[in-house]
2 protein chains.
Amino acid sequence: MKIGILGGGQLGRMLLQAAFNYPVELHVLDPDPQAPCAAATPYFKTGNLQDEAAVYAFGKQVEVLTIEIENVNVAALKRLQAEGVKVYPQPEVIETIQDKRRQKQFFEEHQIPTAPFVLIDYPQELYKHEGFLPAFMKVGKGGYDGRGVLLMRTAKDFVHAFEAPSLLEKAADIEKEISVIVARNEAGEVRAFPPVEMVFDPQLNLVDYLLSPAQITNAQAAEAQAIACRLIEAFQMVGILAVEMFLNRDGSLWVNEVAPRPHNSGHHTIEANYTSQYEQHLRAITGMPLGCPDSRCPAAMVNLLGEAGHQGAVYYRGLKRALARKGVYVHLYGKAETKPGRKMGHVTIIDDNLQSLKASIRYIKEVLKVESRPADSAPA
Amino acid sequence: MKIGILGGGQLGRMLLQAAFNYPVELHVLDPDPQAPCAAATPYFKTGNLQDEAAVYAFGKQVEVLTIEIENVNVAALKRLQAEGVKVYPQPEVIETIQDKRRQKQFFEEHQIPTAPFVLIDYPQELYKHEGFLPAFMKVGKGGYDGRGVLLMRTAKDFVHAFEAPSLLEKAADIEKEISVIVARNEAGEVRAFPPVEMVFDPQLNLVDYLLSPAQITNAQAAEAQAIACRLIEAFQMVGILAVEMFLNRDGSLWVNEVAPRPHNSGHHTIEANYTSQYEQHLRAITGMPLGCPDSRCPAAMVNLLGEAGHQGAVYYRGLKRALARKGVYVHLYGKAETKPGRKMGHVTIIDDNLQSLKASIRYIKEVLKVESRPADSAPA
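In the annotation of an unreviewed UniProt entry, chain A is listed under the name N5-carboxyaminoimidazole ribonucleotide synthase and assigned to Thermonema lapsum. The record in UniProt for chain A states the following under Sequence similarities (unreviewed entry): "Belongs to the PurK/PurT family."

Put into structure tokens, the structure is as follows:
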């Protein structure tokens, strides 16, 4: 079976890794000839993912087409689907998710709990919604990784407003941020992974690590999984969907954003769950039964980001010390160049004991650093 | 780092899969353009592994050269080693292991317990050793997968004797057959995986499945691991070494044969141990610290062999039923054509409960079959 992936980053690379267990041929399209997938498959092609002709030509040669990034040409996907290529997630789902306004409207139409919001077509409209503050202004299309989002505390902040069609979303009173990855296959089978928790560094106010399973009540976990299941069924989507949620201080759950593909919040499933998110995605899109998503043991995931002040050929300081520790799994994405904040890899840590798990997280964050290579040293 | 692998079969493919976690570039050489690695890396080359020029040219472009099959040209490896390529396992180790006579002599010289044996240069010499029967006659070079071995019950069997230099080895009084995979890195660190057990079907007298950890006493397990550690240290080998042993009815352990590479008896480590044999091999040959080889949970491994009476394009009957079961991991090697007895894949099953583990083994053996594709069916 020939499968195509739009996007050749680390998520595509981990999909390729999972696909080695099956007699499938994965073709990858990415604009960057140095993308993490380029060195990982003989079926890598360069091409613009927003270009209709490029995506169409790539998709015509495969039986199943999937994505590892949402920002792709949907018109090409619709043509391919009409011509018999299985496109999973379906183009309509990608189109809805590409636009945060449509995404929120979809949640509302399907009774998916989410933060109250209003659509904003012109910045001037903001002044009608002062009572809504504090709130986040989110641009409808094109925002990602924190871009396209502004916190509006008071009406004074409106001067920074986006000019593009946006939405204003009431700020949640957040207890925890959690994520549920849910899968649905062609037969309509639906299974949700246990919720995971983004643990914040209270000093830096940044995600410190991801913890699986989330430390929430069983009832909260069951409710979060039920919401994710309802949402993927509402989409009638085939593939996996990452559902990021806020657990509010009043105990309610709000869906924040979704991604119809493997997700950063599911990396740990490779070692810590019966089925990995990558395997589950492959099963879903190739007509196989879904695997058991249950947790095998507690786990943490730490992103490896390029250190501030380091740019150029990458050097992983402390790699040997990290690898020497039991239950530590280092995943480096094969990117040759680092720059501050670039996602260069991640580390999953498994441990049945939560105390020693946390000790290992501290250890890894302390010893393993993504730096640029000192001029006088050999590659590590 | 550029690494070369001689051999592009399933063992190479699983090494590639493990290598995705690191920024290494794995080049593969195999005579078969359809080998399991061909579709799995952009750095696949075809070439004869016994040809000195081909192996030398391939090895010259990498920093570290390893094998996934022993039957390779050692002269080329020695030249490469002399010219600064790191060849792991070292050529001298491969050379010793390629010849069962030298292998047995090596065991003897290093006080590694093994079945008593005599070297046989000409078939006529057998008659001097009638008192040694029952015994196995094993050809020194070129035997593999059961070929090149003959059971000599009485002197009447001598008429079938090999003409080539061989050895006659006393038949062991076997309680169990076990295997220990042991790793050693450049720094001399040595770690052994827990012993696994080959469970035989009493009716068919064939290996039914592999069980990890072996059901033996802790003292026996510790002794088996200690023997494997002593052996890899005697070889001063870098990489992993699979050590197959007989546990005799009198409680003693005899080393049967060894393989200086990833091995069939270590497939289960991918899911069932903290570190897989493939990851461990990569760590050993790239100067990394070794990973923890401990078992995470009990596991079984069932080989998927081509069914008798089936030849041609492969069809995996029962694949969906197998995949639907919790704790079942199907590994298909991507071979297009099946034939009776051909290794087409394996299944690892994990389960904390030994009773339900055995039920799953029975289930998988019953439902999952490697057949040739019926003319009227679509690919599964």
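**Q** Would you explain unusual backbone geometry in this entry?
**A** Across the chain, the bulk of peptide bonds are trans and the bulk of non-glycine residues have phi less than zero. Residues and elements named next belong to chain A. The residue after Leu-133, namely Pro-134, is reached through a cis peptide bond having omega -5°. Its location among the elements puts Pro-134 in the loop between strand S6 (117-120) and strand S7 (135-139). Phi at Gln-111 is positive, roughly 55°, even though this residue is not glycine. Mapped onto the secondary structure, Gln-111 falls in the loop between helix H5 (100-109) and S6.

**Q** I tried to follow the pattern of salt bridges on my own but got confused; where do I start?
**A** When the charged atoms of two side chains with opposite charge come close together, those side chains can pair. Under the definition given, this model contains 34 salt bridges over all chains. Residues Arg101(B) and Asp121(B) are paired through a salt bridge, measuring 2.8 Å at the closest nitrogen-oxygen approach. Taken together, the residues Arg101(B) in helix H5 (residues 100-109) and Asp121(B) in the loop between strand S6 (117-120) and strand S7 (135-139) connect sequence positions 20 residues apart. A salt bridge links Lys176(B) to Glu197(B); its shortest N-O distance comes to 2.5 Å. Placement of the pair is Lys176(B) in strand S10 (residues 174-184) and Glu197(B) in strand S12 (residues 196-201), with a sequence separation of 21 residues. Linked by salt bridges that have partners in common, Lys100(A), Lys104(A), Lys138(A), Glu169(A) and Glu257(A) make up one network.

**Q** Is there a simple way to explain the packing of helix H4 (residues 91-98) of chain B against H5(B) in this structure?
**A** A pair of packed helices is characterised by two quantities: the angle between their axes and the separation of those axes. Residue and element names in this part refer to chain B. Direction vectors running N to C along H4 and H5 enclose 110°, while the axes themselves pass 5 Å from each other. By the criterion of interaxial angle, the relationship of H4 to H5 is roughly perpendicular. Packed against H4, whose contacting residues are Glu-95, Thr-96, Ile-97 and Gln-98, the element H5 presents Lys-100, Arg-102, Gln-103 and Phe-106 at the interface. Classifying every residue of the contact of H4 with H5 gives two nonpolar, three polar and three charged.

**Q** Which parts of the structure should I look at to understand the side chain of Asn273(A)?
**A** Take Asn273(A): it is sitting in the loop between helix H7 (269-272) and helix H8 (277-285). The residues contacting Asn273(A), other than those within four sequence positions of it, are Phe193(A), Pro194(A), His268(A), Pro293(A), Asp294(A), Ser295(A), Arg296(A) and Tyr329(B).

**Q** I tried to follow the sheet that holds strand S17 (residues 312-317) of chain B on my own but got confused; where do I start?
**A** Strands pair in a sheet through their backbones, by hydrogen bonds, and they do so in one of two ways: parallel or antiparallel. Residues and elements named next belong to chain B. Strand order in the open sheet formed by three strands is S19-S17-S21, with antiparallel pairing between adjacent strands. Both outer strands of the open sheet, strand S19 (337-338) and strand S21 (369-372), are each paired with one neighbouring strand and no more. By the bridge criterion, four bridges tie S17 to S21 in an arrangement that is antiparallel. Within the sheet, the bridge partner assigned to Arg-317 lies in S21 and is Lys-369.

**Q** Looking at this structure, I do not really get the pairing of strand S14 (residues 239-248) of chain A. What am I missing?
**A** On any regular strand, side chains alternate: one points to one face of the sheet, the next to the other face. Residue and element names in this part refer to chain A. Most of S14 is tucked away: nine of the 10 residues are buried. Two elements, strand S10 (residues 174-184) and S14, share 10 bridges in a ladder whose sense is antiparallel. Each residue of the ladder has a partner; that of Val-182, found in S14, is Leu-241. Direction of pairing for S14 relative to strand S15 (residues 253-259): antiparallel, over a ladder of six bridges. Bridge pairing in S15 places Ala-242 opposite Ala-259. A loop of four residues connects S14 with S15, the two strands running antiparallel in sequence, and Gly-251 in this loop sits at a positive phi of about 90°.

Conventions and cut-offs
- Residues numbered from 1 in each chain as written.
- Chains lettered and ligands numbered in written order.
- Predicted model: local features only at pLDDT ≥ 70, side-chain atom pairs only at ≥ 80, totals over all residues.
- Heavy atoms only, no water.
- UniProt positions renumbered as here; feature names shortened; annotations may be inferred.
- Helix = DSSP H or I, 4+ residues; strand = E, 2+ residues; numbered from the N terminus.
- Salt bridge = Lys/Arg side-chain N within 4 Å of Asp/Glu carboxyl O.
- Axes fitted to C-alpha atoms, helices over the stretch in contact; angles between N-to-C directions.
- Parallel < 35°, antiparallel > 145°, perpendicular 65-115°, else oblique.
- Contact = heavy atoms within 4.5 Å.
- Nonpolar A, V, L, I, M, F, W, Y, C, P; charged D, E, K, R; others polar.
- Pairing = 2+ DSSP bridges.
- Buried < 20%, exposed > 50% of the residue type's maximum accessible area, 1.4 Å probe, protein only.

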